[in-house]
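Chain and residue survey
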Amino acid sequence: MSLNAGDYAVLCCENGVKKLVPLTPGASCKVYKGCTLPVNAVLGTPMGSLFQADPKKGVARLFDCGTLYSQCNVDQEQLLETKDNSELVDCDGHQTLTQEEVEGMKGDAGTARVEIVEQLVSRSRTYDDKTVFAKQKYVTKKQKKYCPLLTLQPPSPAYVCETLQMNKGRKVVEMRVDTLSQLLRLANIHHNSHVMCVDGCTGLLTGTVLSRLSEIGRVYHVVRSSATYVCHLQTIPMMNMESKAAQCLTSVDFQTLKTIAELPDQSPPSNSGAGEAPSKYTQMASLDYTRAQLAEGVDCLLFAAHYEPMKAIQVVWPYLTPAGCFAIHSTYFQPLQELYTLLREGGHAVQLVLAENWFREYQVLPHRTHPHMLMGGSGGYLLSGMKVVSSAPLNTRKRACPSD
């Protein structure tokens, strides 16, 4: 897979920054202060290609990943060394290269950023006294600061989720990639599913479901109001899913679903021709078209939005077929607890599980694998289960008979 004009890609910097960039010919995207990435320089290269950014030398593609850093190989004798860093004192006098000299090297058109790193290492008074691991960490830190490496990755659901959660977490209800994968697993999403998706994540959840489906699958994207539904699909073009969405995506609002539920089963269409499919996936489907599509119900139900799930689930619940799986995400515990109680006491679902998703990142390096010191907190709460037939309406609970 190569980088093509008009598509989107995820720009991943070595310092941890990620951003979604459109590959528009002739344009450029900002990498960091003073350094931009020209799109024409990367078009046609394979996804995942490695580049090194330098404000003076430009962006160059790297082919030999083994010589990127001047890190020494760790052998068995170095692992048995007895020295440590306890005698080192952090002070400004250990680095003889002044800030003015660094700025002068930055302004010199003939000086590459790699040379700045080499000067910092050679003019450090304490570099030779560090342990082999501390030396590697020092060099890596300076390389990330002055000449970071870049990769352009495909806008897969995992990369897009990480990017949006890092930059616009509130817009995607703080959805982490592990939570997103759990939603797909718990709702049993597979290639030919018919899925009803209440998506308040700017289309992240809907686009992820589309990536799982084949051409015979169908996604019903449910929004609160038909006046603002376009803003709920902003992520679809960023995931390069527009062609897939044109085949498999139908947008509908809650009011249309309520109206269909109130209509008699044998009532005729409201007007002739209204049952045609919308010409674009960004257009709302008509009542008659939606009614015909949902005649057989849906296999799976997903919910991830800022608003309270109780009322939304009561609207979409009749369209979920018996034995259909559902997964509901919320950043708060209480709304899901109330819904859990309603479903359990009303006999509407089995295999109910209400859990908090937990995720921990690890640094994996030879002889120094450990958890990251700074990580995010909760990834939200998940309620999952399987629908069963119940005689009680969803808005009521079955009360136990008092014992004599």
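In this text, all values refer to a predicted model and were calculated from it rather than measured experimentally. (Residues numbered from 1 in each chain as written. Predicted model: local features only at pLDDT ≥ 70, side-chain atom pairs only at ≥ 80, totals over all residues. Heavy atoms only, no water.)

As for the overall build of the chain
As a reminder, the rule being used: The secondary structure listing takes helices from DSSP runs of H or I that are at least 4 residues long and strands from runs of E that are at least 2 residues long, numbered from the N terminus. Relative accessible area decides the class of each residue, using a 1.4 Å probe on protein chains only: under 20% of the type maximum gives buried, over 50% gives exposed, and in between gives partly exposed. Contacts: residue pairs with any heavy atoms within 4.5 Å of one another. Per-residue and other accessible areas follow the Shrake-Rupley method at a 1.4 Å probe size, with only the shown protein chains counted as cover for residues.
The helix and strand tally for the chain stands at 13 helices and 16 strands. Out of the 404 residues in the chain, the part that is buried amounts to 43%. Within the chain, contacts between residues at least 6 apart in sequence are counted, and of these 70% link residues at least 24 apart. Counting only carbon and sulfur atoms, one obtains 51% of the accessible surface of the chain, whose full area is about 21400 Å².

A look at helix α10 (residues 254–262)
The line we're drawing: Regarding the arc, it is the one traced by the directions from the helix axis to the C-beta atoms.
Every buried residue of α10 is accounted for by Phe 254, Thr 256, Leu 257 and Ile 260. For α10, the arc enclosing every buried residue in end-on projection is 160°, short of the 170-degree limit, so these residues lie on one face. Buried-residue contacts for α10 involve β8 (194–199), β9 (218–223), β10 (249–253), α11 (287–293) and α12 (309–316).

Topic: the layout of surface pockets
The criterion, for reference: In this analysis a 1.4 Å probe is tested at points of a 1 Å grid over the protein atoms alone, and where it fits but cannot get out there is a cavity; an open set with protein on both sides within 12 Å along at least five of seven lines is a pocket; lining residues have an atom within 4 Å of a point. Grid points are joined across faces, edges and corners, and a volume is the space filled by probe spheres set on the points. Note on residue classes: Ala, Val, Leu, Ile, Met, Phe, Trp, Tyr, Cys and Pro are nonpolar, Asp, Glu, Lys and Arg are charged, and everything else, Gly too, is polar.
Looking at the largest pocket, its volume works out to about 1500 Å³. In terms of residue count, the dominant contributor to the lining of the largest pocket is helix α4 (residues 132–146) (seven residues). For the lining of the largest pocket, the class distribution of residues is 17 nonpolar, 14 polar and 11 charged. By volume, the second largest pocket amounts to about 500 Å³.

Notes on the pattern of salt bridges
Quick note on the threshold: The term salt bridge refers to a pairing of a side-chain nitrogen on Lys or Arg with a carboxyl oxygen on Asp or Glu at a separation within 4 Å.
Evaluation of the coordinates by the stated rule reveals four salt bridges. Of the charged contacts, one joins Arg 176 and Asp 178 as a salt bridge, the two residues approaching to 3.0 Å between their closest N and O atoms. With relative accessibility at 10%, the residue Asp 178 sits in the buried group. A salt bridge links Glu 345 to Arg 344; its shortest N-O distance comes to 4.0 Å.

Examining unusual backbone geometry
The phi torsion at Ala 323 lies on the positive side, around 75°, for a residue other than glycine. Here Ala 323 shows up in strand β12 (residues 320–330). Notably, Gln 351 is not glycine yet its phi reads approximately 55°, a positive angle. Locating Gln 351 in the fold gives a position in strand β13 (residues 349–356).

A short note on the nonpolar core
Here is the rule we go by: For our purposes a nonpolar core is just a set of buried Ala, Val, Leu, Ile, Met, Phe, Trp, Tyr and Cys residues, chained together by side-chain atoms within 4.5 Å.
Judged by nonpolar contacts, the single largest core of 36 residues is most densely connected at Met 175, Ile 189, Val 209 and Leu 302. Only β1 (8–13), α5 (157–167), α6 (177–186), β8, α7 (204–212), α9 (242–248) and β11 (298–304) provide two or more residues apiece to this core. Beyond its immediate sequence surroundings of up to four residues, Met 175 is in contact with Cys 161, Gln 165, Leu 180, Leu 183, Cys 201, Leu 204, Ala 304 and His 329. By size, the runner-up hydrophobic cluster in this structure holds 33 residues, among which are Val 222, Phe 254, Val 298 and Leu 394.

What to know about the sheet that holds strand β16 (residues 381–387)
Where strands meet in a sheet, backbone hydrogen bonds hold them as pairs that are either parallel or antiparallel. Inclusion rule: In this scheme, strands are said to pair when DSSP sees at least two bridges between them. Under this scheme, a helix contributes an axis fitted over its contacting stretch, all axes are lines through C-alpha atoms, and angles between N-to-C directions fall in the 0 to 180 degree range.
Strand order in the open sheet made by the seven strands is β10-β9-β8-β11-β12-β16-β13, with mixed pairing throughout. Each edge of the sheet is formed by a strand with only one pairing partner; in this case those strands are β10 and β13. Across the sheet, the mean angle separating the axes of adjacent strands is 15° when strand polarity is ignored. Where β12 lies against β16, six bridges are found, and the strand directions are antiparallel. Opposite Cys 325, over in β16, you have Met 386 as the bridge partner. The strands that α12 touches are β8, β9, β11 and β12; relative to β11, the one it contacts most, it runs at about 165°.

Topic: α6
Within α6 the residues assigned to the buried category are Asp 178, Thr 179, Leu 180, Leu 183 and Leu 184. Among the structural elements, α5, α7, β11, β12 and β16 are those in contact with the buried residues of α6. Backbone geometry just after α6 places Asn 188 at a positive phi near 60°.

Overview of the confidence of the model for the chain
To be explicit about the condition: Each residue carries a pLDDT score, the predictor's own confidence in it, on a scale running from 0 to 100.
Residues of the chain with pLDDT of at least 70 account for 86%, and the chain-wide mean is 83. Overall, residues 66–72 carries pLDDT values under 50, and its contacts beyond four positions in sequence, including any with other chains, amount to 12 contacts.

So, the environment of Leu 97
Mapped onto the elements of the fold, Leu 97 is located in the loop between α1 (76–79) and α2 (99–107). Residue Leu 97 is classed as buried on the basis of its relative accessible area, which comes to 7%. Taking the C-alpha atoms as reference, Leu 97 lies 6.2 Å from Arg 123; in sequence the two are 26 residues apart. Residues in contact with Leu 97, not counting those within four places in the same chain, are Val 102, Gln 119, Leu 120 and Arg 123.

Things to note about the environment of His 94
Within the secondary structure layout, His 94 lies in the loop between α1 and α2. For His 94 and Tyr 127, which are 33 residues apart along the polypeptide, the C-alpha to C-alpha distance reads 9.0 Å. Those residues in contact with His 94, other than ones at most four positions away along the chain, are Val 89, Arg 123, Ser 124, Arg 125 and Thr 126.

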